[in-house]
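Results of the structural survey
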Amino acid sequence: MSQSLLELRNVSMSFGGMRVNDDISFSIGKGERVALIGPNGAGKTTLVNVISGDLTPSQGAVHLAGVDVTALPISDRVDAGLIRTFQITRLFKSLTVAQNVALAVMQRKGLTRNIFSSPMDRPDVRREWERALGTLGIAHLADRQVSQLAYGQQRLLDLAIGLALEPKVLLLDEPAAGVPSEESSKIIEAIDRLPSDIAVLMIEHDMDLVFRFARRVLVLANGKLIFQGDPAEVTHHQEVRRAYLGSYADARHAS
Amino acid sequence: MTDRAMVDGMSPPRFFVPLELRAVAITLALGALGYTLFPDDLAFLTRLISITLLVLSLDLVTGYCGVATLGHAAIYGVSAYVVGNACLAGHSDPLLLLLVGAVAGAVMGLVSGLLVTRFKGLPQLVLSIAVGQLIAALANKLSSLTGGSDGLSGISPGRIFGVYAFDMYGRTGYVFSVAVLMVVFVVLLRIVHSPFGLLCQAIKDDSLRARMIGARVYPRLVLMYGVSGVVGGIGGALNAINTGVVGLDSVGFERSAEALVMLVLGGAGSLWGALIGSIVFQVFEHYVSAANPFHWMTMVGALLIAVVLFAPKGLVSLGGLLAGRTASVLRRRP
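Predicted model only: the values in this text are computed from it and were never measured.

Bringing the sheet that holds strand β4 (residues 59-64) of chain A into the picture now. Residue and element names in this part refer to chain A. Here we have 4 strands laid out as an open sheet, ordered β2-β1-β4-β5, and antiparallel in their pairing. Across the chains shown, the open sheet's two edge strands, defined by having one partner strand only, are β2 (18-29) and β5 (67-68). The pairing of strand β1 (residues 4-15) with β2 spans 8 bridges and is classified as antiparallel. Each residue of the ladder has a partner; that of serine 14, found in β2, is arginine 19.

Have a look at this one:
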């Protein structure tokens, strides 16, 4: 049996009387590539927020490599290797591109307690941020302020920060959304080249990307997990068609 | 091969001067300039330096961490009172008094930080005012320690290194203050460029993102508040040492508000901005209040409005712009 890196056990999340995630259970093993799809408002981003620790679930538990992390703060989960990116990029705007990534590297190495020395000069830190930027093809932007970057470049940087944290489990929230095709192909290449032993859960609307990337698909509709299985089967599943792909197909048909 | 090329690519330019050395040169030059411009008014300059330390201290939490506070004078005032009392109790070595001020400031900073950085936005601002007002009220009530509204007087520090006595012209006090400012400024430059300093700026930009790279936000902010407390405490100590009196104005709300105005004027989030802002504001105030005692506040207000309109990031951004223009003009010449 493959070791489960991320496991959700009967997770529910309610806001007031509204149940946004309803009794969701699944697990993702080492090296797995899983896509999470579903119509808008299905509760996908809420689920990622619950997994990453930004929200505490109303019920259920989140396990990371066999350890219950439900009550742990975000930073402890990051230390354990649970890393996420954001649907709308969140970057450190007053820092340079290199500093954004270097800070992630230094945080991982426990160097941010260092109050007196110059951070960027350490060769081990430097090698790592250069590699992360190089992987995404934005090494030439290292000295730019983040505020000077185009949106597509910001998405690449967001992913570079994620890579620099050396994830064991990586949550990608629509990594290619709103990105021009040139950058999105770089993002897709970078995702393809992720270390094979890490587990990746990707929220994505672009079905071409989903089919290319995922070995397994989870479908969320109205907060419930209505399907999990092979990407090839997802299009034939009645309930999924009704909830999501049906409307997608209808829209395609109508246009 | 690539490594070698990379190192070459990153090697400093030929006339590269480390940031710290530049800071030493600039503070010393400013010190000499002040002495030449105001030889008969060194008391004004020493007061200016002491307030500059308060503004630098405020910059650490407001400019670098994004903490909104209008109670920062509490740190400055409390340490001034502690230093005054230590001196009256017979501990008159100026360096020891500075240390006492730094420790008192650190304690005050950590306590304020623990309270204030728990919250965000308006609640944070209101809480900082509350802390400031509480300290001001205590300073007024505990007259056995503070002298109440009469102030704490009779503070007479001993000789520096047992050699240099504080003279009535304020020369020793001025040189001492410039030296302290220089050391503090250089140390702060290192701190804001350290990994810890970068992380604080990252927290200011987006604290959720900072958590998502694994940062413990609250302890970092409290720690920066502690560092800020040390700097503000040294400022308060200089005030007590140089003037020999500590009054209620040193803990008051106006002192906090004025420090914030100076910081915004110079440019928050830059140590140079804090330095420029406090110098420009106080020199302007000094001249204008002497020239027109009735309407000087109006003119200070006009200056502020002009700066906020034309250089919303403070005077330091104009300096950067000017340096950039000059550099490009120089480059164009063969």
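Turning our attention to unusual backbone geometry. The general pattern is negative phi for most residues beyond glycine and trans for most peptide bonds. Residues and elements named next belong to chain A. The phi dihedral of asparagine 10 is positive, around 50 degrees, even though this residue is not glycine. Mapped onto the elements, asparagine 10 comes out in strand β1. Phi is positive for aspartate 23, which is not a glycine, with a value near 50 degrees.

Time to look at the pairing of β4(A). Residue and element names in this part refer to chain A. For β1 and β4, the ladder comprises 5 bridges, and the chain directions are antiparallel. In the strand pairing of β4, leucine 8 is matched with valine 62. Alignment of β4 against β5, held across 2 bridges, turns out to be antiparallel. Along β5, the bridge assignment pairs histidine 63 with aspartate 68. Where β4 hands over to β5, the hairpin turn is made up of 2 residues, of which alanine 65 adopts a positive phi near 50 degrees.

Moving on: the nonpolar core. Residue and element names in this part refer to chain A. Membership of the largest hydrophobic core comes to 150 residues, with the highest contact counts inside it found for Trp129 and Leu157. In this structure, leucine 157 is in contact with Leu91, Val97, Asn100, Val101, Leu133, Ile138, Val146 and Leu149, ignoring residues within four places of it in sequence. Membership of the second largest hydrophobic core comes to 26 residues, among which are Val34, Ile51, Val69 and Ala199.

Residues and elements named next belong to chain A. For helix α1 (residues 44-52), the buried fraction is high: 8 of the 9 residues fall into the buried class. Here α1 has its buried residues at Lys44, Thr46, Leu47, Val48, Asn49, Val50, Ile51 and Ser52. Glycine 53 sits one or two positions beyond α1 and adopts a positive phi of about 100 degrees.

Before going further, it helps to spend a moment on the environment of Ile88(A). Residues and elements named next belong to chain A. Take isoleucine 88: it is sitting in the loop between β6 (82-84) and α3 (97-108). Using a relative accessible area of 62% as the deciding quantity, one classes isoleucine 88 as exposed. The sequence separation of isoleucine 88 and alanine 142 amounts to 54 residues, and the corresponding C-alpha distance is 21 Å.

A few words now on the environment of Ser289(B). Residue and element names in this part refer to chain B. Following the sequence through the fold, serine 289 ends up in helix α13 (residues 271-291). Its relative accessible area of 26% is what places serine 289 among the partly exposed residues. Between the C-alpha atoms of serine 289 and valine 230, which are 59 residues apart in sequence, the distance is 31 Å. Look past the residues within four positions of serine 289 in its chain and what remains in contact with it is Phe284 and Trp296.

Turning our eyes to something else, we now look at the packing of aromatic side chains. The relation between two aromatic rings is expressed through the spacing of the ring centres and the mutual angle of the planes. Enumeration according to the criterion identifies 5 aromatic pairs over all chains in this entry. With centroids separated by 5.4 Å and ring planes inclined at 65 degrees, the aromatic side chains of Phe38(B) and Phe44(B) adopt a geometry described as edge-to-face. In terms of burial, Phe38(B) and Phe44(B) fall into one category: buried. Judged by centre distance (6.0 Å) and plane angle (90 degrees), the rings of Phe166(B) and Phe176(B) are edge-to-face. Placement of the pair is Phe166(B) in the loop between α7 (143-146) and α8 (171-192) and Phe176(B) in helix α8, with a sequence separation of 10 residues. A relative accessible area of 24% means that Phe166(B) is categorised as partly exposed. Judged by relative accessible area, which is 8%, Phe176(B) ranks as buried. Among the aromatic side chains, those forming a connected cluster through ring pairs are Phe38(B), Phe44(B) and Tyr287(B). For the cation-ring pair, Arg84(A) lies above Phe86(A), with the distance from its terminal atom to the ring centre recorded as 4.2 Å. The positively charged end of Arg118(B) is found above the aromatic ring belonging to Tyr218(B), 4.2 Å away from the centroid.

Conventions we followed
- Residues numbered from 1 in each chain as written.
- Chains lettered and ligands numbered in written order.
- Predicted model: local features only at pLDDT ≥ 70, side-chain atom pairs only at ≥ 80, totals over all residues.
- Heavy atoms only, no water.
- Pairing = 2+ DSSP bridges.
- Helix = DSSP H or I, 4+ residues; strand = E, 2+ residues; numbered from the N terminus.
- Core = buried A, V, L, I, M, F, W, Y, C linked by side-chain atoms within 4.5 Å.
- Buried < 20%, exposed > 50% of the residue type's maximum accessible area, 1.4 Å probe, protein only.
- Contact = heavy atoms within 4.5 Å.
- Phe/Tyr/Trp six-rings, centres within 6.5 Å; stacked < 30°, edge-to-face > 60°.
- Lys NZ or Arg CZ within 6 Å of the ring centre and 35° of its normal.

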